[in-house]
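Architecture at a glance
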Amino acid sequence: MKFKPISSAAALACLVLLLATVYGQSADKRILTLDRIFSSSEFRSETFGPARWLADGSAYTTLEPPSDNKETRDIIRYETATGARSVLIAAASLRPSGAAAPLVIDDYAWSDDGRKLLIFTNTKQVWRQNTRGDYWVFDIAAKKLAQVGKNAAASTLMFAKFSPDGSRVGYVRENNLYVEDLATGRIAQLTRDGSKRIINGTFDWVYEEELDLRDGWRWSPDGRSIAYWQLDTEGVPDYYLINDTDSLYPKIITIQYPVAGQTNSAGRVGVVSAGGGSTRWLQVPGDPRNNYIARMNWAVNADEIILLQLNRRQNLLNVIIGSARTGKVTTILNEKDDAWVDIDVEDIPWLADGNRFLWLSERDGWRHAYIASRKAGAEPHLITKGAFDVVSIEGVDEKTGWLYYIASPADATQRYLYRTKLSGSGDPERVSPAAQPGSHSYSIAPNASWAFHTYSTIGSPPAVELVHLPDHQVVRPLAPNSAVIARVKELDVAQPEFIKTDIGGGVTLDGWIIKPPNFDSSKRYPVLIYVYGEPASQTVVDRWGSTRYLWHQMLAQQGYLVMSFDNRGTPAPKGRAWRKVVYRKIGVLAAKEQAAAARVVQSWSFVDPKRVAIWGWSGGGSMTLNQMFRYPDIYQVGMSVAPVTDQHFYDTIYQERYMGLPQDNEADYRAGSPVTHAAGLAGKLLIVHGSGDDNVHYKGTEVLANTLIAKKKQFTMMEYPNRRHDISQGEGTTRHLFELLTNYLETNMPPGAR
């Protein structure tokens, strides 16, 4: 059959219409465009909170704009059971003297007695999050607003917290600790050695990024003392980032960043009187530069500290109790692993008797919940039993004897709330509704009778509601997101299909696939595979993916099959063996399994095996490079964003956790690094990186570029000046990036079935 040719003018008109549909605003609400996804707010989810449970959970507070001013927010109190609403603190009350407008509340906290409010405002970014800012205290009874640390420079206070009796506020300022008396205004400076190299009460880059530690100090239960981390970064190599865009001459930004095998900060924990004085340091054994204090808090009482010490190899974890008075320590529990030990708790959750705490361990091959004793050498008691993983502990109801946790025994793409008897007897009970497959998350009230419940699926944005536990009855919607959910439903898209792909050797990978809305199985389609593949994250989860999901759907509307697979080594709840088989094989085993999945995809009758593309970000960018270099027969196009091109360049804690030290494992470091295999490039490759990336440094992309040049390999590279790892800073950056990716894909692998 022959097609009748069309005129040049008609062809141009069709092209203009197509470009307007893909890149601009489409009048058809069924069609996605870059502008709709990245430049408009029509798919932006409504938010709830930040919300705080009060007392025993019988009430909670949240922020809501007053009816006459949408730019400010009142503090609203709700009775949990009845929904009775009252304005606890009007926004107008939070206007500093002489200011034109009330404070913008970024976060807030209540004193234990509920009489004072601590407001965090005027915040600034430190590494990943906004953890510097200004703090104000509002006294409800006195209706008085006062700034904490008002003599400090703007946005220099961090992690302010009320003392247990609410009379004082402690905070970190420029790497030193302070306590301020709210009645007198007297400020006690507790540490004086804070500097660029000595960090008190907070953390350096690598501790924050890889151990998820930011707030580095704790009030004692009686308010008399403060326990805190101190990091000494002397000897940690300086990393230099060059900012070419913000001044007439370039600025050099210096970060203490230890790459794999190099010197770490020395970390220790001390206790100081809240009134000032000398610090007593806990006598934790081992070289502080080759061990990490990964968690720390008071051990229920005001006399003892509990901390988690992780060796540098991260295959031995010690649970240690230390005396705040003498500094002497005792190890009460060990965890060992031939690969690595995960830190699976944000804090140690103690039971009411103060002698036992909840613990997560993979000691039987699955991540299970245990009850451990503060008695040294006592074996933990298993609570959750069976061939499944506990993803996270969510709450405890000691009164009725139940532990609440997230798990998904039958399907690693889902997340549900379960509960099990604290005694370990009986079978687990699913609390999340059976009729709601997808991802459920919870903030459970102190009495475990209520929870803020957030629910989404891969194809539907999150909705937030208040539920009663354990029956999960919906009490009231909190952020139903009805308008956004409706907009997503009216799109002309096919719902993603979750699939299982047998790649041989007894290994089956979870995946999802998005098909074009007018999919015709008798034709062959081009494929875009979205990849991550490292131990830090899954891509195959039945959870709303926001703008990235919508972009994938936009590409499907243009005629692409879009899909993703989770190889072994990703943190799926499939048992220890699944997750840790990649030890010392990062970039090798996962790359092999992703390639095996892609070969299966090529065999499908509706796939064009000569039109396969791959893309990913960060670890997914590294995986994209490994696929393009090591398996050039599979992929025609690759788009790698912010990749680790050489594992020697990434930080100590992450890279050594999964690979060991390069001094002990040089061959595997080389084998897993994409730059080693650059000569294998055959397809079209786009590499994108922000020059201000303080996480995965731009240097790696430059080193790879030099290698590709030396190997006479053509490629395309885009630098985003002074952007960080998320490449989002600056007006229009995100849309520009995704237009770049869209253009590159469509130019080098046009959409549409054949």
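Before reading on, note that the structure itself is shown above.
In this report, we go over the structure that sits alongside the text. Given the structure is predicted, the values throughout are model-derived calculations rather than measurements.

To continue, consider the packing of helix α7 (residues 589-602) against helix α8 (residues 619-630). At a minimum axis distance of 10 Å, the contact between α7 and α8 shows a crossing angle of 70°. Viewed along their axes, α7 and α8 adopt a mutual orientation that is roughly perpendicular. Viewed along their axes, α7 and α8 form a crossing whose handedness is right-handed. When α7 is examined against α8, the residues Ala590, Ala591, Gln594 and Ala595 are found in contact with a partner set consisting of Met623, Asn626, Gln627 and Arg630.

A word on the packing of helix α5 (residues 546-558) against helix α12 (residues 733-748). Viewed as axis vectors pointing N to C, α5 and α12 meet at an angle of 30°, and their least axial separation amounts to 12 Å. One element, α5, and the other, α12, form an angle in the roughly parallel class. When the axes of α5 and α12 are compared, the crossing they make is right-handed. From α5, Arg548, Trp551, Met554, Leu555 and Gln558 reach across to α12, where they touch Phe738, Leu741, Thr742, Leu745 and Glu746. For the contact of α5 with α12, a count of residues per class yields 6 nonpolar, 2 polar and 2 charged.

The next subject is a nonpolar patch on the surface. Side chains of Tyr240, Ile242 and Ile252 sit close together on the surface and give an oily, nonpolar patch of about 340 Å² of accessible area. As for its placement among the helices and strands, Ile252 is situated in strand β17 (residues 251-256). Note on Ile252: relative accessible area 60%, which makes it exposed.

Our next topic: the pairing of strand β40 (residues 637-641). Among the 5 residues that make up β40, 5 are buried, leaving the element largely enclosed by the rest of the structure. Residues Val637, Met639 and Val641 line one face of β40 and the alternating positions Gly638 and Ser640 line the opposite face, and both faces are buried. Relative to β40, strand β39 (residues 607-617) runs parallel, the two being bridged by 5 bridges. Bridge pairing in β40 links Ile614 to Gly638. Assessed by its sense of winding, the connection that carries the chain from β39 through α8 to β40 is right-handed. As paired strands, β40 and strand β41 (residues 684-690) are joined by 5 bridges and run parallel to one another. Its bridge partner being in β41, Val637 is matched across the sheet by Lys684.

The element helix α9 (residues 652-659) is largely enclosed, with a buried count of 8 among its 8 residues. What α9 keeps buried is the set Thr652, Ile653, Tyr654, Gln655, Glu656, Arg657, Tyr658 and Met659. For α9, the elements touching its buried residues are α3 (205-211), β20 (291-298) and α10 (666-672). Capping of α9 at its N-terminal end is provided by Asp651; its side-chain oxygen lies 3.1 Å from the backbone amide nitrogen of Ile653.

Reading across the sheet, the 3 strands line up as β24-β25-β26 and stay open at both edges, with antiparallel pairing between neighbours. A single partner strand is all that each edge strand has here, and the edge strands are β24 (356-361) and β26 (381-382). Where β24 and strand β25 (residues 368-373) come together, 6 bridges link them in antiparallel fashion. Looking at the pairing, Leu360 lines up with Ala369 of β25.

Centre-to-centre distance and the angle between the planes together describe a pair of aromatic rings. Counted by the stated rule, this structure contains 34 aromatic pairs. For the pair Trp551 and Phe738, a centre-to-centre distance of 5.0 Å together with 70° between the ring planes defines the contact as edge-to-face. Taken as a pair, Trp551 in helix α5 and Phe738 in helix α12 lie far apart in primary sequence, 187 residues in all. Accessibility assignment for this pair places Trp551 and Phe738 in one class, buried. What links up through ring pairs into an aromatic cluster is the set Phe38, Tyr530, Trp551, Trp615, Trp617 and Phe738. Stacked on the ring of Phe606, the Lys or Arg Lys515 has its end atom at 5.2 Å from the ring centre. Cation over ring: Lys699 sits above Phe649, and NZ or CZ is 4.5 Å from the ring centre.

Structurally, the position occupied by Asn695 is in the loop between β41 and α11 (698-710). According to the relative accessible area criterion, Asn695 is buried, its value standing at 2%. When sequence neighbours within four positions are dropped, the list of residues in contact with Asn695 reads Arg128, Trp205, Glu209, Tyr257, Tyr650 and His725.

With that settled, consider the sheet that holds strand β28 (residues 402-407). Reading across from one edge, β27-β28-β29-β30 is the order of the 4 strands in this open sheet, with antiparallel pairing throughout. Only two strands of the sheet have a single partner each, and these edge strands are β27 (390-397) and β30 (429-430). As paired strands, β28 and strand β29 (residues 416-421) are joined by 6 bridges and run antiparallel to one another. By the bridge assignment for β29, Leu403 is matched with Thr420.

Cut-off values and rules
Residues numbered from 1 in each chain as written. Predicted model: local features only at pLDDT ≥ 70, side-chain atom pairs only at ≥ 80, totals over all residues. Heavy atoms only, no water. Axes fitted to C-alpha atoms, helices over the stretch in contact; angles between N-to-C directions. Helix = DSSP H or I, 4+ residues; strand = E, 2+ residues; numbered from the N terminus. Parallel < 35°, antiparallel > 145°, perpendicular 65-115°, else oblique. Left-handed = near helix turned anticlockwise from the far one by under 90°. Contact = heavy atoms within 4.5 Å. Nonpolar A, V, L, I, M, F, W, Y, C, P; charged D, E, K, R; others polar. Patch = residues over 30% accessible without salt bridge, like charges linked within 9 Å, V, L, I, M, F, W, Y side chains within 5 Å. Areas by Shrake-Rupley, 256 points an atom, 1.4 Å probe, with all protein chains shown as cover. Salt bridge = Lys/Arg side-chain N within 4 Å of Asp/Glu carboxyl O. Buried < 20%, exposed > 50% of the residue type's maximum accessible area, 1.4 Å probe, protein only. Pairing = 2+ DSSP bridges. Right-handed = clockwise from strand over helix to strand, strands pointing away. Polar contact = N/O pair within 3.5 Å; in protein donor to acceptor, adjacent residues only side chain to side chain. Phe/Tyr/Trp six-rings, centres within 6.5 Å; stacked < 30°, edge-to-face > 60°. Lys NZ or Arg CZ within 6 Å of the ring centre and 35° of its normal.

What is shown is where atoms sit, not what they do.
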